[in-house]
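Analysis of the macromolecular model
The residues making up each chain are set out below.
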Amino acid sequence: MASVTYKNVWKKFGDVVALEDLNLDVADKEFLVLVGPSGCGKTTALRCLAGLEEVTEGVVLIGDTEVNDVAPKDRDIAMVFQSYALYPHMTVFDNMAFGLKLRKVPKQEIKQLVEEAAKILGIEGLLQRKPRELSGGQRQRVAVGRAIVRQPKVFLFDEPLSNLDAKLRVQTRAEISKLHQRLQTTFIYVTHDQVEAMTMASRIAVMNKGILQQLDAPQQLYDFPNNMFVAGFIGSPSMNFFEGKIIREDDTLYVDMESFKVKIPKERQAPYEKIVDQKIVFGIRPEDIHNPQFAPPSIVAEPVETKVDVTELMGNEIFLYLVNGKHSFVARVDPRTRVEMGEDLQVVFNMQNMHIFDPVADPENPVAVR
């Protein structure tokens, strides 16, 4: 078992910066998820740890050992890729045993390790099949099993569920989480899917353009995003953003979006006193916009007049695409809501869960004001 540390790690491909001064500590036995859009540097970070890419600057450590100059095969890691990378002419048993045979592990020990891993993954009945005889989910289990038999210090997963259908992704996601609990080994998992990140991780590292944006527990990221990028990336559907400014009326602060304004609760006004009359970005999640008829009684509700543009009935909830003036936004409302496209509807914003971002501090990625 081992911790993983990135110290001031840079990775450049010519003039392109894939990782910029990455500092990241992964605790022993932790399940860390690296998440971000395509091209954000998450897979590059994983490949630098695995030794598949050479670090341009900085240090990568596994435990207390610097591994910059250690060959990939000697780093005591195992990697599961998006593509299953199975040998088509070999049986499942031989695919799982291949790495052990290369390391000259005794036959009886190989048999024991493969059978144990197959039992953990529920594929003990498939050991004599060839990959072409397996479903996508079964092939992914074989790829995971091949990693398990090596008993590495660190498991690396590079978007392992991307090739699976939606139902199988949910099932396999749960299996990987249970596997982590059972093996008690360090897991580092790369995905662009924030739902995977939120449901599996003990901590999430959100990345964008090669820069670590925020590192925190899933709920903390959701409740207290550091900036507009993190706020928009975590949560589905993503947070609604409105350009506006803070104004004062009779000792009360409001967010003025021109076509409507909402009152900031008294207990939340203090941090925004310093940015009165300044342009800001107001953020509210779809799940914090309610049909007043079914709104929870405990929320601090501010009414907003809207017109319904599109409705999406999801069964257990309804997504409403709403318009107010120049603003378009999404609400996630109670399934008992009955509205038609083009209809006027008053909704309420839960101002206890609002977010304010300051574009003056960083125009490209406004920072949260708290």
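Coordinates for the structure precede this section.
None of these values were measured; they are calculated from a predicted model. (Residues numbered from 1 in each chain as written. Predicted model: local features only at pLDDT ≥ 70, side-chain atom pairs only at ≥ 80, totals over all residues. Heavy atoms only, no water.)

Structural notes on the sheet that holds strand 1 (residues 4-13)
The strand order across the open sheet built from 4 strands is 2-1-4-5, with neighbouring strands paired in antiparallel fashion. Across the chains shown, the open sheet's two edge strands, defined by having one partner strand only, are strand 2 (16-26) and strand 5 (65-66). Of the strands in this sheet, strand 1, strand 2 and strand 4 (57-62) are in contact with helix 1 (residues 42-50), which crosses strand 1 at around 110 degrees. (Pairing = 2+ DSSP bridges. Helix = DSSP H or I, 4+ residues; strand = E, 2+ residues; numbered from the N terminus. Contact = heavy atoms within 4.5 Å. Axes fitted to C-alpha atoms, helices over the stretch in contact; angles between N-to-C directions.)

Here we look at the pairing of strand 4
Pairing analysis gives 5 bridges linking strand 1 to strand 4, with the strands arranged antiparallel. The partner of Trp 10 across the bridge, within strand 4, is Glu 57. As judged from the 2 bridges shared by strand 4 and strand 5, these two strands associate in the antiparallel manner. Residue pairing for strand 5: Ile 62 is matched across the bridge by Thr 65. Counted between consecutive antiparallel strands, the loop separating strand 4 from strand 5 contains 2 residues, among which Gly 63 sits at a positive phi close to 65 degrees.

A word on the pattern of salt bridges
Here the structure, examined in full by the defined rule, presents 13 salt bridges. Ionic pairing is found between Asp 94 and Lys 101, a salt bridge with its closest N-O pair at 3.2 Å. Taken together, the shared-partner salt bridges connect Glu 287, Glu 317 and Arg 332 into one network. (Salt bridge = Lys/Arg side-chain N within 4 Å of Asp/Glu carboxyl O.)

A few points about helix 1
Most of helix 1 is tucked away: 7 of the 9 residues are buried. Within helix 1 the residues assigned to the buried category are Lys 42, Thr 44, Ala 45, Leu 46, Cys 48, Leu 49 and Ala 50. Immediately beyond the C-terminal end of helix 1, within one or two residues, lies Gly 51, with a positive phi of roughly 90 degrees. (Buried < 20%, exposed > 50% of the residue type's maximum accessible area, 1.4 Å probe, protein only.)

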